[in-house]
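Structural features, examined
The primary structure of each chain is shown beneath.
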Amino acid sequence: MLSRRAFLRTSLQTSTLVALAPTVPTFLTRTIQAAQPERDGRILVVIQLDGGNDGINTVVPFGDEGYAKHRKVLRLPSERLFKINNEVGLHPEMGGTAKLLESGRLAIVQGVGYPNPSRSHFRSMTIWQSAKVDLPRFKEDIVVEEDKAVYGWIGQALDEGRRPADGSPSAVFVGDGTPPLAFRSHRCTTSTMTRPEDSVLTLPEEAPLDSSQSKSGTDLAAFVRRSTLDAYVTSARMSDVLHVKDAGVTYPATGLAGRLRVVARLIKGGVATRVFYTAQGSYDTHHVQLTIHADLLAELSGALKAFVDDLAAAKLADRVMVLCFSEFGRRVQENGSHGTDHGTAGPIFLAGTKVKAGLLGEAPKLLDLQDGDLRMTTDFRRVYASVLRDWLGLPSRSALGGDFEPISLFQV
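Here goes a summary of the coordinates provided. What you see is a predicted model; the values in this text were computed from it and never measured.

Re the packing of helix 10 (residues 255-268) against helix 11 (residues 289-313)
At a closest axis distance of 9 Å, the pairing of helix 10 and helix 11 adopts a crossing angle of 15 degrees. Judged by the angle between their axes, helix 10 and helix 11 are roughly parallel. For the crossing formed where helix 10 meets helix 11, the hand is right-handed. Two secondary-structure elements touch here, helix 10 through Gly-255, Leu-256, Ala-257, Leu-260, Val-263, Ala-264, Ile-267 and Lys-268 and helix 11 through Glu-299, Leu-300, Ala-303, Leu-304, Phe-307, Asp-310 and Leu-311. Here the residues of the contact of helix 10 with helix 11 are counted per class, giving 11 nonpolar, one polar and three charged.

Here you go:
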């Protein structure tokens, strides 16, 4: 026979009491709160760079002879770059990212891709999100395998771990549209927050505790209500999330920064979700790339720096790691429209206090190409294997469809 506390803890883990909200009495609320374990687990935040980021003009190999040869219009002057070493530098608009690197909070994995790369946005993104390189046929834009949907690497990995004890979803997508395929699994509970950054950016410092009275807090409050037990989400609990401050950090007034600010508030407010996911686009720079790409990288860099600094000020930085990826890089040779076309390999960024800072992996050579594209030097599944095993403490074999040697990405 279970004790009342054991019953409550089990119910929280399986979310079976959700249907009772908001009728759970106050004494039960207090007991549930007392049953909560300390939420000190590690968190992964994924930023998806939609459209295919030009990694060559992001992490710029200015010392490679092939850079000047293949990039006439798009070549960035080396004196404007944030130099990493005598061969490589960051784009001039990535000042915030450069500061993360300088302070030991940024790792850059070079030449990341997969065998037999696809230049289709949809197919390549599906490969990255499912970790399945040999995809089955497509049917009405849905990937199917023996009439079964393909599952995502994050969702499958979370299936093998414990669910958040406070009833929060295991994974949360912050942005427009449906959750990414990366979350799809048999059991993983997920939630989507659509444009909550608009609410948080305008949230008054002393908004009413009752979220129904606060128009600016509606989206965020609604998420907290539907993602956790109402018995646990009392007005005080909601206030914890809605009124979390930015710890003296100023977020840029951009869409990505707003979404990351929401993620930071949820983490600081104690929501026990393990994986947060958002996206920034569009990096599909076929035309007039210089200005467009500079603006995108400035937004990414500023948002990422503010987010990491915010968590550091809140003394939570050691728990959170950010992974930035794109479905493919761009062609080495610029096109006739002052842009670049779909390519293959590119860099991955990892930000946090526990990463092994600096350039990791082998840089592809711009004069040793394969069909005009960069040769992959690191399989992305090796990065995922490290993130799952060494960061989240989850097995990776089922999620990745095989055994892949993890890269050493994190400090011991």
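Comments concerning the pairing of strand 11 (residues 275-280)
Strand 11 sits mainly inside the fold: six of its six residues count as buried. Neither face of strand 11 is left uncovered, since the one carrying Val-275, Tyr-277 and Ala-279 and the one carrying Phe-276, Thr-278 and Gln-280 both have all their residues buried. Alignment of strand 1 (residues 43-49) against strand 11, held across six bridges, turns out to be parallel. Considered in strand 11, the bridge of Val-46 is made with Tyr-277.

Digging into the sheet that holds strand 3 (residues 82-83)
Each strand in a sheet pairs with another by means of backbone hydrogen bonds, the pair being arranged parallel or else antiparallel. Taking strand neighbours across the sheet as the criterion, the three strands line up as 2-4-3 in an open arrangement whose pairing is antiparallel. Edge positions in the sheet fall to strand 2 (59-60) and strand 3, since each has one partner strand and no second. With two bridges connecting them, strand 2 and strand 4 (residues 89-90) associate as antiparallel partners. Paired with Val-60 across the two strands is Gly-89, which belongs to strand 4.

A few points about the packing of aromatic side chains
Any aromatic ring pair is given by two values, namely how distant the centres are and how the planes are angled relative to each other. All chains considered together, the criterion is met by nine aromatic pairs. On the basis of an interplanar angle of 80 degrees and a centroid distance of 6.0 Å, the ring pair of Tyr-114 and Phe-380 is categorised as edge-to-face. A residue pair is termed long-range when its members are at least 10 positions apart, and Tyr-114 in the loop between strand 5 (106-113) and helix 5 (121-130) and Phe-380 in helix 12 (residues 380-392) qualify at 266 residues. This pair shows no difference in class: Tyr-114 is buried, exactly as Phe-380 is. A ring pair is formed by Trp-128 and Tyr-384, whose centres lie 6.3 Å apart and whose planes are at 75 degrees; its orientation type is edge-to-face. Within this pair, whereas Trp-128 is found in helix 5, its partner Tyr-384 is found in helix 12, the two being separated by 256 residues in sequence. Neither residue differs from the other here; Trp-128 and Tyr-384 are each classed as buried. Pairwise contacts between aromatic rings join Tyr-114, Trp-128, Trp-153, Phe-325, Phe-380 and Tyr-384 into one cluster.

Brief notes about the packing of helix 4 (residues 95-102) against helix 11
Two numbers describe how helix 4 lies on helix 11: the axes approach to 7 Å, and their chain directions differ by 40 degrees. Relative to helix 11, the element helix 4 lies oblique. Residues Gly-95, Gly-96, Thr-97, Lys-99 and Leu-100 of helix 4 form the contact with helix 11, whose participating residues are Ser-301, Leu-304, Lys-305 and Val-308. Residue composition of the contact of helix 4 with helix 11, grouped by class: three nonpolar, four polar and two charged.

A word on the pattern of salt bridges
Under the defined criterion, the tally for this structure stands at 11 salt bridges. Asp-368 is the salt-bridge partner of Arg-375, the closest N and O atoms lying 3.2 Å from each other. What makes Arg-375 partly exposed here is its relative accessible area of 34%. Taking the shortest distance from any N to any O, the salt bridge between Arg-397 and Asp-403 comes out at 3.2 Å. A single burial state applies to Arg-397 and to Asp-403, both of which are exposed.

The rules behind the values
- Residues numbered from 1 in each chain as written.
- Predicted model: local features only at pLDDT ≥ 70, side-chain atom pairs only at ≥ 80, totals over all residues.
- Heavy atoms only, no water.
- Axes fitted to C-alpha atoms, helices over the stretch in contact; angles between N-to-C directions.
- Helix = DSSP H or I, 4+ residues; strand = E, 2+ residues; numbered from the N terminus.
- Parallel < 35°, antiparallel > 145°, perpendicular 65-115°, else oblique.
- Left-handed = near helix turned anticlockwise from the far one by under 90°.
- Contact = heavy atoms within 4.5 Å.
- Nonpolar A, V, L, I, M, F, W, Y, C, P; charged D, E, K, R; others polar.
- Buried < 20%, exposed > 50% of the residue type's maximum accessible area, 1.4 Å probe, protein only.
- Pairing = 2+ DSSP bridges.
- Phe/Tyr/Trp six-rings, centres within 6.5 Å; stacked < 30°, edge-to-face > 60°.
- Salt bridge = Lys/Arg side-chain N within 4 Å of Asp/Glu carboxyl O.

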